[in-house]
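Descriptive analysis of the structure
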Amino acid sequence: MGSSSYRPYLLLLVSILCISGRCGASASAVPAKIGKGYRLISIEETPYGGLLGHLQVKQKNNVYGADIPHLQIYVKHETNDRLRVHITDAEKQRWEVPYDLLPRERPPPAKQAIGRSRKNLLTASEYEGSELIFSYTTDPFGFAVRRKSTGETLFNTTADHSDKYGNMLFKDQYLEISTKLPEDASLYGLGENTQPHGIKLYPGDPYTLYTTDISAINLNADLYGSHPVYMDLRNKGGKAYAHSVLLLNSNGMDVFYKGSSLTYKVIGGVFDFYFFGGPTPLAVVDQYTSLVGRPAPMPYWSLGFHQCRWGYHNLSVVEDVVENYKEAKIPLDVIWTDDDHMDGHKDFTLNPVNFPRPKLLEFLNKIHDLGMKYIVINDPGIGVNESYGVYQRGMANDVFIKHDGEPFLAQVWPGAVYFPDFLNPKTVAWWGDEIRRFHELVPIDGLWIDMNEPSNFCNGKCTIPKDKVCPSGTGPGWICCLDCKNITSTRWDDPPYKINASGIGAPIGYKTIVTSAVHYNGVLEYDAHSLYGFSEAIATHKALQSLEGKRPFILSRSTFVGSGKYAAHWTGDNKGTWDDIKYSISTMLNFGIFGVPMVGSDICGFYPAPTEELCNRWIELGAFYPFSRDHANFYSPRQELYQWDSVAKSAQNALGMRYKLLPYLYTLNYEAHISGAPIARPLFFSFPTFTKCYGVSTQFLLGSSVLVSPVLDKGKTKVNALFPPGTWYSLFDLKDTIVSDDGDYRSLDAPLHVINVHVYQNTILPMQQGGLISKEARMTPFTLIVTFPAGVTEGHADGKLYLDDDELPEMSLGNGYSTYVDFHATVENKTVKVWSEVMEGKYALQKGWIVEDVKILGLNGIGESFHLEVGGNSVSDVSNVELIASEQRIYTDKLEDGGDTRKSMMIEVQGLDLPVGKNFAMSWKMGVHG
């Protein structure tokens, strides 16, 4: 559900505020360089590691407020590849992201005595770690971070006369700092926003970070999440080096990327920088998520297909949807309802007429027996209603955000609402109890937490009108009907620097909680605003996990640094257009970099009605999103995948392949949980030295080896796809082989029902036979796809498989309910060998999983003299095993000079019955060409 139709009203309000002089200083009225910066007056090494220094402002000025005269800087190499630089007020405590929300090492407390004698200062000094070097200049103060192995500067805040930016500024409500950058650096991240130029940051585009409920159709605007982190990829002499920079700060900010520099302008908090040394993109994300939290383990069923709609008015409609998917033979694991199941749009309630509990329970028993799941929406606003138990208990426990000593009044779908304060421990307990009560009423399988930027249909300080019904029940539900007045009298509601909120410089309190409202312990909404969805996800995760001890599934619209530890994400209210299908890929890939790998967009678009052709192409793409869900607006026509025969055919094809790949996707989920590795990745993650792929935003990888190349344009039946150097095999026809010696684009046939998906050489891909529900698909036999470079005479391939009881909260080995398998294959001395190394095979043996088929691609001869071992014992009777050879079709870039003459064979080993839970080894000699 979305509420972004208020944007025209926002434009009107901004115009009015600008006319009245409340738009803030114009750009021309503020000098590009403000002040003279700070000087370093003292520094020392601390007993617990790191450097502790004090800075003093050089020349005071009052642009955007008074300078904070004394600052404390703390620098520490927290790990071999992570450096922290923390700068704050030396005399009083300032707001920071709470340490209980995002656990991390605390810097030393600010010292009251400034300028005491310490070690002598040098004009320049260095502080070395294993991978990164911190250096500083004293007057004006600036710092730089270099890579030790190459000496290259990664971040440098020192400004000289030729720079268009100035030295560091630190005021109560305005912090500014800049870094030089090489023009050829490729930057990614800084979201959430919809980037029209693709995944790479584009010089001159605005990057504003402040959680806001405007739809994802708005380009280059601050959307639902705030992730002030970027990855920087550089290629020097054919060698690639990646690093990442996080500014851990929850206040609103503008980030200006100019190509040769990047400038942060932040309206509060502290400078808390973390530098992650990489040097590979995967290493960067590993280091980042080791700090902010590893991505949450997802239940197996969540990787299946999901169907939702705002407008499933009653239970019979939901039942029909499930039945129609079954009849159309389209896979479906999870059925969702928006707020249609609620009584008057109120959280934790059930509509007794349209969703009568006895019939709903009967339906849920039926789908649960099949292995299907049911998820409902939950918005944070609690309806103000004296007869509403959730509201009564919330008031009794004093759980709501306050303004002027009273709960802050807003309007969302139920009408007048109060917002829970998830920074308050009492709220977390109350929220958990409400989820428990609702789960006893309806045994849901997960929660969808929406509107948690948080969204408010009204603006300012409001009261409930006494002379009219609000809402009236007619017209759009997002029109404000409370009696409200704007609040601009405080410096929190009207700060001196105006970030580019909503992409048009809107007031930061517009259509959300006023920023002078107060949370637990006096925390201002001004500081904590962008943490709202994050704190709600933490409370929801705790509540769901405590219900039955099962692995939670949470989908959150608003996210912050660390949200991936608790929730999945979808990209919000998109449109059913060809532009939006393109944008979805960049946003998805960015969230992998943000440590939120379980991500996807509304397939076919949230609104308005998609065309039939677009929906065909979108399900072909969306079948390979990590989170795959069709969702539509109340006012849009029905767009379930069976509504068009052609879309149903595309869905059967694409989702059919997804369900065969579920063991691979689940293993990627495990890798994400233990190392942060994204499920969907930009091509440069696997090919960091291949500069052609640095800006590719129309293709992506699943894991390291599966390349997805969708059609994203109207009327096209071919796709121009980039293939990095090596051999690629079509997953839909393993005989189709593309050899890309130097890395180039190929034109691929892609008629309406076809999406091109290829697997790279040197891979072992575990697959199963698929099905209409993941529960049944999961119990089918395994096939291993082993890929070597075409026509190989010597080579190797590797793969892995993780299996567990996906209802357990933890995703780990050692509990007796999980199995991990490494697969290996070699070609050497005309001998092919494929084998497995099993860790903790008991669980897989109990479940009875077997490998029945192995397909080896890229060989230069057929097979003979087959030998098999299982569990270390030779298998003498292999009469049921058959080796079938077939020649592959090779498409190369060598079409002149006689073309490419290499031969490539696929050998299929059929008739196997290998327990997944036991080590096996098979080998054979390669004979002459078939």
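Please read these numbers as outputs of a predicted model, since none were measured by experiment. (Residues numbered from 1 in each chain as written. Predicted model: local features only at pLDDT ≥ 70, side-chain atom pairs only at ≥ 80, totals over all residues. Heavy atoms only, no water.)

1. So, the overall build of the protein chain
For the record, the criterion: Secondary structure elements are defined from DSSP: runs of H or I of at least 4 residues count as helices, runs of E of at least 2 residues count as strands, and each element is numbered from the N terminus. The size measure is the radius of gyration over C-alpha atoms, and the globule rule it meets is 2.2 Å times the number of residues to the 0.38 power. Throughout this description, buried means an accessible area under 20% of the type-specific maximum (1.4 Å probe, protein chains only), exposed means over 50%, and partly exposed covers the range between. By definition, residues are in contact when any of their heavy atoms lie within 4.5 Å. Note on areas: these come from Shrake-Rupley sampling with a 1.4 Å probe, and a residue is covered only by the protein chains present in the view. Positive charges come from Lys and Arg alone, negative charges from Asp and Glu alone, with His and the N- and C-terminal ends not counted. In plain terms, the charge of a residue is placed at NZ if it is Lys, CZ if Arg, CG if Asp and CD if Glu.
Helix and strand content of the protein chain: 14 helices and 54 strands. Against the 2.2 N^0.38 benchmark of 30 Å for 930 residues, the protein chain shows a C-alpha radius of gyration of 29 Å, consistent with a compact globule. When each of the 930 residues of the protein chain is scored for burial, the buried share is 63%. Put simply, 71% of the contacts in the protein chain that link residues at least 6 apart link residues at least 24 apart. Accessible surface for the protein chain amounts to roughly 32500 Å². Of this, 49% is attributable to carbon and sulfur atoms. Measuring between centres, the 85 positive side-chain charges of the protein chain sit 5 Å from its 104 negative side-chain charges.

2. Notes on empty space enclosed by the protein
To be explicit about the condition: Throughout, the protein atoms alone are placed on a 1 Å grid, and a set of points is a cavity if a 1.4 Å probe fits but cannot get out or a pocket if it is open with protein on both sides within 12 Å along at least five of seven lines; lining residues have an atom within 4 Å of a point. Grid points are joined across faces, edges and corners, and a volume is the space filled by probe spheres set on the points. Residues are grouped as follows: nonpolar covers Ala, Val, Leu, Ile, Met, Phe, Trp, Tyr, Cys and Pro; charged covers Asp, Glu, Lys and Arg; every other residue, Gly included, is treated as polar.
Scanning the model with the defined rule gives six cavities of 30 Å³ or more in all. A volume near 90 Å³ is recorded for the second largest cavity. Here the lining of the second largest cavity is built from residues that sort into three nonpolar, seven polar and two charged.

3. Some remarks on the sheet that holds strand S32 (residues 602-603)
Sheet strands associate in pairs through backbone hydrogen bonding, adopting either a parallel or an antiparallel arrangement. Note the following rule: At least two bridges found by DSSP between two strands are what make those strands a pair.
If you trace the nine strands from one edge of the open sheet to the other, you get S31-S30-S29-S26-S20-S19-S18-S33-S32, paired in parallel fashion. Whereas interior strands pair on both sides, the edge strands pair on one side only; in this sheet they are strand S31 (599-600) and S32. In this sheet, strand S26 (residues 446-449) lies alongside strand S20 (residues 373-378) in parallel orientation, the contact comprising four bridges. Bridging across to S26, valine 376 finds its partner in leucine 447.

4. Structural notes on the confidence of the model for the protein chain
Note the cut-off: A score between 0 and 100, pLDDT records how confident the predictor is in each residue.
With 94% of its residues at a pLDDT of at least 70, the protein chain reaches an overall mean of 94. Confidence drops under a pLDDT of 50 for residues 4-28, and excluding neighbours within four residues, the segment shows 40 contacts in the predicted structure.

5. What about the layout of surface pockets?
The space that makes up the largest pocket amounts to roughly 1000 Å³. If you go around the largest pocket, you meet 43 residues; those closest to its centre are Gln93, Arg94, Trp95, Glu96 and Val523. Secondary-structure elements contributing two or more residues to the lining of the largest pocket are strand S4 (82-89), helix H6 (425-441), helix H7 (525-528) and helix H8 (532-548). The leading source of residues in the lining of the largest pocket is H8, at four residues.

6. Quick word on a negative patch on the surface
Our working definition: Excluding any residue in a salt bridge, patches collect residues exceeding 30% relative accessible area, merging like charges within 9 Å and nonpolar Val, Leu, Ile, Met, Phe, Trp and Tyr side chains within 5 Å. Between Lys or Arg on one side and Asp or Glu on the other, a salt bridge is scored when a side-chain nitrogen of the former is within 4 Å of a carboxyl oxygen of the latter.
There is a patch of like negative charges on the surface, built from Glu319, Asp320, Glu323, Glu327 and Glu362. Among the elements that take part in the negative patch, helix H3 (residues 315-328) stands out by supplying four residues, more than any other. Within the secondary structure layout, aspartate 320 lies in helix H3.

7. A closer look at the sheet that holds strand S10 (residues 175-180)
Here five strands make up an open sheet; going across it, the order is S9-S10-S16-S15-S12 and the pairing antiparallel. Here the strands that pair on one side only, and so sit at the sheet edges, are strand S9 (169-170) and strand S12 (206-209). Across four bridges, S12 lies against strand S15 (residues 253-257) in antiparallel orientation. Within the sheet, the bridge partner assigned to threonine 208 lies in S15 and is aspartate 254.

8. Notes on the pairing of strand S14 (residues 239-247)
Most of S14 is tucked away, with eight of its nine residues classed as buried. As paired elements, strand S13 (residues 227-236) and S14 share eight bridges and run antiparallel to each other. Paired with leucine 233 across the two strands is alanine 242, which belongs to S14. Counting the residues between successive antiparallel strands, the hairpin from S13 to S14 contains two residues, one of them, glycine 237, with a positive phi of roughly 60°. Both S14 and strand S17 (residues 271-276) contribute to a ladder of four bridges, which runs antiparallel. If you follow leucine 247 over to S17, its bridge partner there is phenylalanine 273.

9. A word on the state of the cysteines
Heads up, the condition is: Note on disulfides: each one is a pair of cysteine sulfur atoms within 2.5 Å.
Tallying each qualifying case throughout the model produces four disulfides. Linked covalently through their sulfurs, cysteine 462 and cysteine 484 form a disulfide whose S-S length is 2.1 Å. Its S-S torsion of about 110° marks the bond between cysteine 462 and cysteine 484 as right-handed, since a negative value means left-handed. In this pair, cysteine 462 is assigned in strand S27 (residues 461-463) and cysteine 484 in strand S28 (residues 483-485), connecting sequence segments 22 residues apart. With a relative accessible area of 8%, cysteine 462 lands in the buried category. Given the relative accessible area of 33%, cysteine 484 is considered partly exposed. One disulfide bridge connects cysteine 604 with cysteine 615, the sulfur atoms lying 2.0 Å from each other. Disulfide cysteine 604-cysteine 615: the torsion about the S-S bond is 85°, which places it as right-handed. Linking cysteine 604 in the loop between S32 and helix H10 (612-622) with cysteine 615 in helix H10, this pair joins segments that are 11 residues apart in sequence.

10. Here's the deal with helix H11 (residues 645-660)
Applicable threshold: What a helix should span is 1.5 Å times the count of its residues minus one.
Taking 1.5 Å as the rise per residue, H11 with 16 residues should run 22 Å; its terminal C-alpha atoms sit 22 Å apart, in good agreement. Within H11, the full set of buried residues consists of Ser646, Val647, Ala648, Ser650, Ala651, Ala654, Leu655, Met657, Arg658 and Tyr659. On the buried face of H11, the contacting elements are strand S18 (305-307), H10, strand S33 (628-630), helix H12 (662-675), strand S42 (763-767) and helix H13 (774-777).

11. Quick look at the nonpolar core
Where we set the bar: Here, nonpolar core refers to any group of buried Ala, Val, Leu, Ile, Met, Phe, Trp, Tyr and Cys residues whose side-chain atoms link them within 4.5 Å.
The biggest cluster of nonpolar side chains holds 199 residues, and the ones touching the most others in it are Leu246, Phe553, Phe624, Phe700, Leu702 and Leu731. Apart from residues no more than four positions distant in its own chain, leucine 731 is found in contact with Met657, Leu661, Val706, Val757, His758, Val759, Leu765 and Met767. Counting 45 residues, the second largest nonpolar core, distinct from the first, contains Leu83, Met168, Leu201 and Leu262.

12. Re the packing of H6 against H8
Convention followed: Each axis is a line fitted through C-alpha atoms, taken for helices only over the stretch in contact, and angles between the N-to-C directions span 0 to 180 degrees. Note that the term roughly parallel is reserved for angles under 35 degrees, roughly antiparallel for angles over 145, roughly perpendicular for angles of 65 to 115, and oblique for everything else. By convention, the crossing between two helices is left-handed when the near helix turns anticlockwise from the far helix through less than a right angle, and right-handed when the turn is clockwise.
Where H6 meets H8, the axes come as close as 9 Å, and the angle between the chain directions of the two elements is 50°. In this view, H6 runs oblique relative to H8, as classed from their interaxial angle. The two elements H6 and H8 cross, and the hand of that crossing is right-handed. Across the interface between the two elements, Val428, Trp431, Gly432, Ile435, Arg436 and His439 from H6 touch Glu536, Ala539, Thr540, Lys542, Ala543, Leu544, Leu547 and Glu548 from H8.

13. Details of the side chain of aspartate 450
Mapping aspartate 450 onto the fold places it in the loop between S26 and S27. Of the residues examined, aspartate 450 reaches a relative accessible area of 0% and is grouped as buried. In this structure, aspartate 450 is in contact with Met1, Ile377, Asn378, Asp379, Pro380, Arg557 and Trp570, ignoring residues within four places of it in sequence.

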